[in-house]
Amino acid sequence: MKTLQAFIVFLLCALAQSALARLVPPCRTVRVDFVLIALVGYALHADEERGFLLGVLAGLATDLIGGGRLGVGALGYGAVGFILGGLQPSLFRGTVVARALLVIVSAAICSGVIYYVLRLYGPTHNYLVELGRTLLVTAAATAVVGTLVLIALEQRRHA
Amino acid sequence: MTSVLFRRRRLILVLLVFVAIFVLLSVKSPISRWARKPVMTVVTPLLRGVEAVGRWAGRVGEAIAGCGATRERDRLERQVSELQAELAALEAELESARATAAQLDELREFNLTLLPARIVGRDPTSWYNTAVLNVGSGRGVRRGMQVVRGRWYVGRVEEVGPGWSRVMLALDPRSVIPATVAGQDIRGLVETTRKRTLLFKYLADEPEVRPGDRIVTARATTTGNVAEMYFVEGFEVGTLTALAGEESGWQTAVLERPAMLDRLSEVLVVISE
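Residues numbered from 1 in each chain as written. Chains lettered and ligands numbered in written order. Predicted model: local features only at pLDDT ≥ 70, side-chain atom pairs only at ≥ 80, totals over all residues.

Visitor: Run through the overall build of chain A, naming residues and quoting values.
Guide: Counting its secondary structure elements, chain A contains seven helices and zero strands. For 159 residues, the compact-globule formula gives about 15 Å, and the C-alpha radius of gyration of chain A, at 15 Å, lands near that figure. Seen through its C-alpha atoms, chain A measures out along the principal axes to roughly 50 × 30 × 25 Å. When burial is assessed residue by residue, chain A has 53% of its 159 residues classed as buried. A fraction of 70% describes how many contacts in chain A between residues 6 or more apart in sequence connect residues 24 or more apart. (Helix = DSSP H or I, 4+ residues; strand = E, 2+ residues; numbered from the N terminus. Rg over C-alpha atoms; globule rule 2.2 N^0.38 Å. Buried ≥ 20, exposed ≤ 12 C-beta atoms within 10 Å, placed from the backbone. Contact = placed C-beta atoms within 7 Å.)

Visitor: Can you explain the interface of chain B and chain A? Please cite residues and give values.
Guide: Every contact between the two is made by 40 residues of chain B and, on the other side, 41 residues of chain A. Contributing elements (two or more residues each) for the side of chain B that touches chain A: helix H2 (9–26), helix H3 (31–67), strand S1 (113–122), strand S2 (130–133) and strand S5 (165–169) of chain B. Here the side of chain B that touches chain A takes 11 residues from H3(B), the largest share from any one element. In the side of chain B that touches chain A, the residues fall into 21 nonpolar, seven polar and 12 charged. (Nonpolar A, V, L, I, M, F, W, Y, C, P; charged D, E, K, R; others polar.)

Visitor: Tell me about the domain arrangement of chain B, and please be specific about residues and values.
Guide: All names here are of chain B. Taken domain by domain, chain B holds domain 1 (31–110) and domain 2 (113–272). Taking the mean C-alpha position of each, domain 1 and domain 2 sit 27 Å from one another. With 17 residues of domain 1 in contact, the opposing surface of domain 2 contributes 17 residues. Sorting the residues of the side of domain 1 that touches domain 2 by element identifies H3 and helix H4 (75–106) as the ones contributing at least two each. (Domains from an automatic or database assignment.)

What follows is the structure, given as structure tokens:
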């Protein structure tokens, strides 16, 4: 049940990204990855295996709402879920900088895996510009929004 | 044995999922389309709603900012601002209808059956450049159909469901457009580069092209599981700016395309000739 709930949250996040990119054109460049933020929020309270499964679901949600080959996002987000699930959450709940860093590293891992999978399975286009944009702009924007969301979620959990 | 498997069931599940994804990626099958159809059919009305609310909110915001009603408490002024917001929303609708009418006017000579459509969503990732339209198979849209804005080529329908369709835009990394130089018999393919610009590729040696030449879509019909397209000739893809040199014995040219084509909301789907 909790897994289904998480999948619906991921779908809604992907939907929000899609709608924002349509309504606010600058969001096509400065993209906030809400799916990744939700995944970080969930995976920090899971183990490696559940983290991986949550990551796969997050990636599938993105793949289903977006274009391209199904499964590419599932591997990228799955890797993030696996790594986050294996981390000691207490290490990353301490400071704002640690949380921001966590989101940036997650975005980097995710885009790195997606880039590699697209190079393997995608068309001849080599996606370097997309990788650069994701690493620099999306990671930074996601870190700013994600840190605030993670702090708010943590406070709500404690309350 | 059974107890070991039971204890390790989550690890086994992870491995199975991992293998399943690799199989999914390795096999060329229409499974992506089958999986997306039910999800997109459920999700598109939501996208439409969000898009309509977003447009309305934008207009209301403009109207309120314009009349300065936020600072006033007076009932009449509030009413005026509400009416202005309503007017702004109606003007947005009118603007959209005018844009469609202008496009249809422009394309009268082409003698095509065109279906007006609205872009309600864009790709949630940076990796692809796709858009979701609010019309689908219920209105006669099929995979491979061309999507245009006035005389400009916008993209091609990649997936279609009952009330939605996904368009692969011209600047998508996977996009390949059969094209020709307007008024000449020089054919090639337009592809997207790393820097999201368009290249007119596979031109014969020493092509007689000049900067400023208009590159338009060429007639092409292909069917199949992977790439399906029904291209009508004559829609502009870009303007030639320079020859980029030779690549594997073929000449390549760089194209320029108006930036407004990336900020569209109203488009037309070419249903038939």
